[in-house]
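Structural characterization, general
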Amino acid sequence: KSVFNLTIGRINESLSNESKSLSSGSLAISNNALPIPSISIGINNFIPIIFKKINFQLKGSLSHGWLNKGQYIKAPFLHQKNLYLKKQLNPSSSITLGIVHLAMWGGSTKIHGKQSQQFLDYLKIFFLRPGSNKDIEEEQINTLGNHLGIWDLAYEKKQNNVFLKLYYQHPFEDESRA
(Lines give C-alpha, C1' and ligand atoms only; values in the text may rest on other atoms or scores of the structure.)
Protein backbone atom coordinates (compact mmCIF):
# COMPACT_ATOMS: atom_id res chain seq x y z
CA LYS A 1 0.00 0.00 0.00
CA SER A 2 1.34 3.44 -0.99
CA VAL A 3 2.13 6.05 1.65
CA PHE A 4 1.20 8.85 -0.77
CA ASN A 5 -2.33 9.81 -1.71
CA LEU A 6 -3.45 11.65 -4.86
CA THR A 7 -6.89 13.28 -4.94
CA ILE A 8 -8.59 15.18 -7.73
CA GLY A 9 -11.92 16.96 -7.40
CA ARG A 10 -13.99 18.56 -4.65
CA ILE A 11 -12.82 16.74 -1.53
CA ASN A 12 -13.60 17.66 2.08
CA GLU A 13 -10.19 17.77 3.69
CA SER A 14 -9.46 17.09 7.31
CA LEU A 15 -6.09 18.74 7.77
CA SER A 16 -5.74 19.92 11.29
CA ASN A 17 -6.07 18.97 14.93
CA GLU A 18 -9.63 20.23 15.40
CA SER A 19 -12.17 17.98 17.04
CA LYS A 20 -14.24 16.47 14.23
CA SER A 21 -17.23 15.87 16.51
CA LEU A 22 -17.26 19.30 18.20
CA SER A 23 -16.27 21.70 15.45
CA SER A 24 -17.24 22.93 12.01
CA GLY A 25 -13.60 22.54 11.09
CA SER A 26 -10.20 24.07 11.16
CA LEU A 27 -9.58 27.80 11.31
CA ALA A 28 -7.86 27.37 7.92
CA ILE A 29 -10.27 25.09 6.02
CA SER A 30 -13.76 24.24 7.20
CA ASN A 31 -15.90 21.35 6.01
CA ASN A 32 -19.13 23.33 6.32
CA ALA A 33 -18.89 24.72 2.76
CA LEU A 34 -18.60 23.22 -0.71
CA PRO A 35 -14.92 22.31 -1.29
CA ILE A 36 -13.12 23.92 -4.20
CA PRO A 37 -11.93 21.78 -7.12
CA SER A 38 -8.28 20.85 -6.58
CA ILE A 39 -5.46 18.41 -7.19
CA SER A 40 -3.66 17.26 -4.06
CA ILE A 41 -0.81 14.92 -3.27
CA GLY A 42 0.14 14.06 0.26
CA ILE A 43 0.60 11.72 3.17
CA ASN A 44 -2.78 11.53 4.92
CA ASN A 45 -1.76 9.28 7.80
CA PHE A 46 1.21 9.82 10.06
CA ILE A 47 4.29 7.83 9.02
CA PRO A 48 7.22 7.08 11.36
CA ILE A 49 10.46 9.00 10.77
CA ILE A 50 13.78 8.69 12.57
CA PHE A 51 16.05 11.74 12.36
CA LYS A 52 19.32 11.75 14.34
CA LYS A 53 17.96 9.07 16.70
CA ILE A 54 14.79 11.06 17.36
CA ASN A 55 11.55 9.19 16.59
CA PHE A 56 8.55 11.15 15.40
CA GLN A 57 5.77 10.93 12.85
CA LEU A 58 5.07 13.06 9.81
CA LYS A 59 2.17 13.84 7.49
CA GLY A 60 1.44 16.62 5.00
CA SER A 61 0.13 17.56 1.60
CA LEU A 62 0.44 19.98 -1.29
CA SER A 63 -2.50 21.05 -3.45
CA HIS A 64 -3.51 23.41 -6.23
CA GLY A 65 -7.12 24.58 -6.43
CA TRP A 66 -9.33 26.74 -8.62
CA LEU A 67 -11.53 29.29 -6.85
CA ASN A 68 -14.81 30.67 -8.22
CA LYS A 69 -14.73 33.99 -10.06
CA GLY A 70 -16.68 35.95 -7.45
CA GLN A 71 -15.45 39.57 -7.82
CA TYR A 72 -12.78 38.48 -10.31
CA ILE A 73 -12.98 38.70 -14.10
CA LYS A 74 -10.86 35.54 -14.29
CA ALA A 75 -10.89 33.17 -11.28
CA PRO A 76 -7.78 33.01 -9.05
CA PHE A 77 -5.96 29.92 -7.80
CA LEU A 78 -5.59 28.56 -4.27
CA HIS A 79 -2.22 27.16 -3.20
CA GLN A 80 -2.33 25.05 -0.04
CA LYS A 81 0.30 23.09 1.83
CA ASN A 82 0.52 21.64 5.29
CA LEU A 83 3.04 19.78 7.40
CA TYR A 84 2.47 18.04 10.73
CA LEU A 85 4.99 16.49 13.12
CA LYS A 86 3.83 14.22 15.92
CA LYS A 87 5.91 13.01 18.86
CA GLN A 88 4.76 10.08 20.97
CA LEU A 89 5.64 11.14 24.54
CA ASN A 90 4.78 7.74 25.97
CA PRO A 91 2.43 4.90 24.91
CA SER A 92 -0.64 6.88 26.00
CA SER A 93 0.14 10.49 25.04
CA SER A 94 1.44 12.54 22.14
CA ILE A 95 1.98 16.10 21.02
CA THR A 96 1.45 17.35 17.46
CA LEU A 97 2.66 20.58 15.83
CA GLY A 98 1.54 21.59 12.37
CA ILE A 99 1.32 24.46 9.94
CA VAL A 100 -1.28 25.04 7.21
CA HIS A 101 -0.39 27.63 4.56
CA LEU A 102 -2.91 28.98 2.03
CA ALA A 103 -2.33 31.52 -0.74
CA MET A 104 -4.83 33.03 -3.15
CA TRP A 105 -3.10 34.19 -6.33
CA GLY A 106 -3.48 34.80 -10.04
CA GLY A 107 -6.76 35.64 -11.74
CA SER A 108 -7.80 39.01 -13.08
CA THR A 109 -9.69 41.91 -11.48
CA LYS A 110 -11.28 45.12 -12.78
CA ILE A 111 -9.10 47.26 -10.52
CA HIS A 112 -5.69 45.54 -10.86
CA GLY A 113 -6.06 43.72 -14.18
CA LYS A 114 -4.42 40.39 -14.91
CA GLN A 115 -2.40 39.06 -11.98
CA SER A 116 0.84 37.08 -12.30
CA GLN A 117 0.17 33.36 -12.76
CA GLN A 118 3.13 31.76 -14.54
CA PHE A 119 5.17 28.84 -13.14
CA LEU A 120 7.87 31.21 -11.79
CA ASP A 121 5.07 33.13 -10.04
CA TYR A 122 3.88 29.85 -8.51
CA LEU A 123 7.39 29.35 -7.10
CA LYS A 124 7.17 32.83 -5.54
CA ILE A 125 3.83 31.82 -3.98
CA PHE A 126 5.27 28.53 -2.71
CA PHE A 127 8.28 30.20 -1.09
CA LEU A 128 6.44 33.40 0.02
CA ARG A 129 8.53 35.72 -2.15
CA PRO A 130 7.69 39.24 -3.37
CA GLY A 131 6.29 39.86 -6.84
CA SER A 132 8.19 41.46 -9.71
CA ASN A 133 7.99 45.06 -10.92
CA LYS A 134 4.97 44.14 -13.11
CA ASP A 135 2.90 43.23 -10.02
CA ILE A 136 0.90 45.65 -7.88
CA GLU A 137 3.01 47.67 -5.44
CA GLU A 138 1.81 45.85 -2.31
CA GLU A 139 2.85 42.49 -3.78
CA GLN A 140 6.27 43.86 -4.74
CA ILE A 141 6.83 45.03 -1.15
CA ASN A 142 5.33 42.04 0.68
CA THR A 143 4.60 38.69 -0.97
CA LEU A 144 2.98 37.79 -4.25
CA GLY A 145 -0.63 36.77 -3.55
CA ASN A 146 -2.70 36.77 -0.37
CA HIS A 147 -1.15 34.43 2.22
CA LEU A 148 -2.75 33.14 5.40
CA GLY A 149 -2.87 30.01 7.51
CA ILE A 150 -2.65 28.54 10.98
CA TRP A 151 -0.16 27.15 13.45
CA ASP A 152 -1.77 24.05 14.91
CA LEU A 153 -0.80 22.46 18.25
CA ALA A 154 -2.42 19.45 19.97
CA TYR A 155 -1.89 17.26 23.01
CA GLU A 156 -3.61 13.86 23.16
CA LYS A 157 -3.85 11.44 26.07
CA LYS A 158 -5.57 8.08 26.26
CA GLN A 159 -6.13 6.40 29.60
CA ASN A 160 -8.48 3.49 30.17
CA ASN A 161 -11.65 4.43 28.27
CA VAL A 162 -10.98 8.17 28.38
CA PHE A 163 -9.57 10.17 25.47
CA LEU A 164 -8.42 13.76 26.11
CA LYS A 165 -7.49 16.09 23.29
CA LEU A 166 -6.45 19.70 23.81
CA TYR A 167 -5.67 21.75 20.73
CA TYR A 168 -4.87 25.32 19.86
CA GLN A 169 -4.94 26.95 16.43
CA HIS A 170 -3.28 30.31 15.88
CA PRO A 171 -4.08 32.14 12.62
CA PHE A 172 -1.49 34.14 10.68
CA GLU A 173 -1.45 36.39 7.62
CA ASP A 174 1.36 37.49 5.36
CA GLU A 175 3.63 40.21 6.68
CA SER A 176 1.82 42.98 4.80
CA ARG A 177 2.95 46.48 5.62
CA ALA A 178 0.80 48.28 3.04
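Assigned secondary structure in the protein chain consists of two helices and nine strands. The order of helices and strands in the protein chain, counted from the N terminus, is β-β-β-β-β-β-β-α-α-β-β. Oriented by its inertia axes, the alpha-carbon framework of the protein chain measures out at about 60 × 35 × 35 Å. The buried share of the protein chain, reckoned over its 178 residues, is 34%. Taking contacts inside the protein chain between residues at least 6 apart in sequence as the whole, the part at least 24 apart equals 53%.

A few words on the packing of aromatic side chains. To describe a pair of aromatic rings, one takes the distance between the centres and the angle between the planes. For the structure shown, the criterion picks out six aromatic pairs. Each ring, one from tyrosine 122 and one from phenylalanine 126, has its centre 6.3 Å from the other, and the planes form 50°; the classification is tilted. With tyrosine 122 and phenylalanine 126 both in helix H1 (residues 119-126) and four residues apart, the pair spans about one turn of that helix. Tyrosine 122 gets classed as buried once you look at its relative accessible area, which sits at 18%. Overall, the relative accessible area of 22% leaves phenylalanine 126 in the partly exposed class. Taking 4.8 Å as the distance between ring centres and 70° as the angle between the ring planes, the aromatic pair formed by phenylalanine 126 and phenylalanine 127 counts as edge-to-face. An aromatic cluster is present here, built from Phe77, Trp105, Phe119, Tyr122, Phe126 and Phe127 joined pairwise through their rings. Stacked on the ring of tyrosine 84, the Lys or Arg lysine 59 has its end atom at 5.6 Å from the ring centre.

Under the definition given, this model contains three salt bridges. Its salt-bridge partner being glutamate 156, residue lysine 86 comes within 3.6 Å of it at the nearest N-O pair. Separated by 70 residues along the polypeptide, lysine 86 in strand S4 (residues 77-90) and glutamate 156 in strand S8 (residues 146-159) bring together distant segments of the chain. Lysine 86 sits in the buried class, given a relative accessible area of 15%. Between lysine 165 and glutamate 156 there is a salt bridge; the shortest N-O distance is 3.6 Å. Overall, the relative accessible area of 16% leaves glutamate 156 in the buried class. Connected through shared salt-bridge partners, Lys86, Glu156 and Lys165 make up one network.

Rules used throughout
Residues numbered from 1 in each chain as written. Predicted model: local features only at pLDDT ≥ 70, side-chain atom pairs only at ≥ 80, totals over all residues. Heavy atoms only, no water. Helix = DSSP H or I, 4+ residues; strand = E, 2+ residues; numbered from the N terminus. Buried < 20%, exposed > 50% of the residue type's maximum accessible area, 1.4 Å probe, protein only. Contact = heavy atoms within 4.5 Å. Phe/Tyr/Trp six-rings, centres within 6.5 Å; stacked < 30°, edge-to-face > 60°. Lys NZ or Arg CZ within 6 Å of the ring centre and 35° of its normal. Salt bridge = Lys/Arg side-chain N within 4 Å of Asp/Glu carboxyl O.

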